[in-house]
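# Examination of the molecular architecture
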Amino acid sequence: MYVEDQAQSAAIICSHAAHQQRAILMATRDDPAFPEDTGWQFTCGQPTPHREEEGLVWALSEVLKLDPSIGPILSAPCQSSFERTTEEMRWQPVAYSED
């Protein structure tokens, strides 16, 4: 699926990044759960796991507007993960984990 085709499809973003309390520092693409799902999850990289209620469903295009730096990684295949230590850093691929 091309990025343009995914623009209005669903992505998960943590509430910390969605409300601009923290930058998006981790991006993971799981296998989509349903047709409208891109599989993408964007989180702030906090050291403790997020609670389920901290995950918000946004259109991928809205996440891209919030943080245009994710653009180059959006064509990555499912089961891909990326991280960075600050929002000024470039995205680096990391080992994918289903956790």
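Please refer to the structure higher up on the page.
Residues numbered from 1 in each chain as written. Predicted model: local features only at pLDDT ≥ 70, side-chain atom pairs only at ≥ 80, totals over all residues. Heavy atoms only, no water.

## With respect to the environment of Pro35
To keep things clear, this is the line we draw: The helix count covers DSSP runs of H or I at least four residues long, the strand count covers runs of E at least two residues long, and both are numbered beginning at the N terminus. Note on classification: 1.4 Å probe, protein chains only; a residue is buried when its accessible area is under 20% of the maximum for its type, exposed when over 50%, partly exposed between these limits.
Inspection of the secondary structure puts Pro35 in the loop between β2 (26–29) and β3 (37–43). Taking the relative accessible area as the measure of exposure, Pro35 reaches 69% and is therefore exposed. C-alpha of Pro35 to C-alpha of Thr48: the two residues are 13 residues apart in sequence and 30 Å apart in space.

## Remarks on the environment of Leu56
Stated precisely, the cut-off is as follows: In what follows, residue pairs with any heavy atoms lying within 4.5 Å of each other are defined as contacts.
Structurally, Leu56 is set in strand β4 (residues 55–59). For the pair Leu56 and Ala17, spaced 39 residues apart in sequence, the C-alpha separation works out to 9.9 Å. Residues contacting Leu56, with those up to four places away along its chain left out, are Ala11, Ile12, Ile13, Ser15, Ala18 and His19.

## Some words on the packing of aromatic side chains
In plain terms, the rule: Here is the rule: rings of Phe, Tyr and Trp (six-membered ring for Trp) pair when centre to centre is within 6.5 Å. Planes less than 30 degrees apart are stacked, more than 60 are edge-to-face, and the remainder are tilted.
Under the criterion given, the structure shown has 2 aromatic pairs. Between Trp40 and Phe42 the ring centres are 5.5 Å apart and the planes differ by 15 degrees, which places this aromatic pair in the stacked class. Summarising the burial analysis for this pair, Trp40 and Phe42 share the class buried. On the basis of an interplanar angle of 35 degrees and a centroid distance of 6.4 Å, the ring pair of Trp40 and Phe82 is categorised as tilted. Here Trp40 is found in strand β3, whereas its partner Phe82 is found in strand β5 (residues 80–83), with 42 residues between them in sequence. According to the relative accessible area criterion, Trp40 is buried, its value standing at 0%. Taken together through their ring pairs, the aromatic side chains of Trp40, Phe42 and Phe82 make up a single cluster.

## Observations regarding the pattern of salt bridges
We count it as follows: Salt-bridge detection follows one rule: a side-chain nitrogen of Lys or Arg within 4 Å of a carboxyl oxygen of Asp or Glu.
Scanning the model with the defined rule gives 2 salt bridges in all. Where Glu62 meets Lys65, a salt bridge forms, and the shortest distance between an N and an O atom there is 3.4 Å. Here Lys65 and Glu62 lie together in helix α3 (residues 60–66), a separation of 3 residues that amounts to about one turn. On the basis of relative accessibility, which here comes to 38%, the residue Glu62 falls in the partly exposed class. Judged by its relative accessible area of 61%, Lys65 is exposed. Here Asp67 and Arg84 are joined by a salt bridge, their closest N and O atoms 2.5 Å apart.

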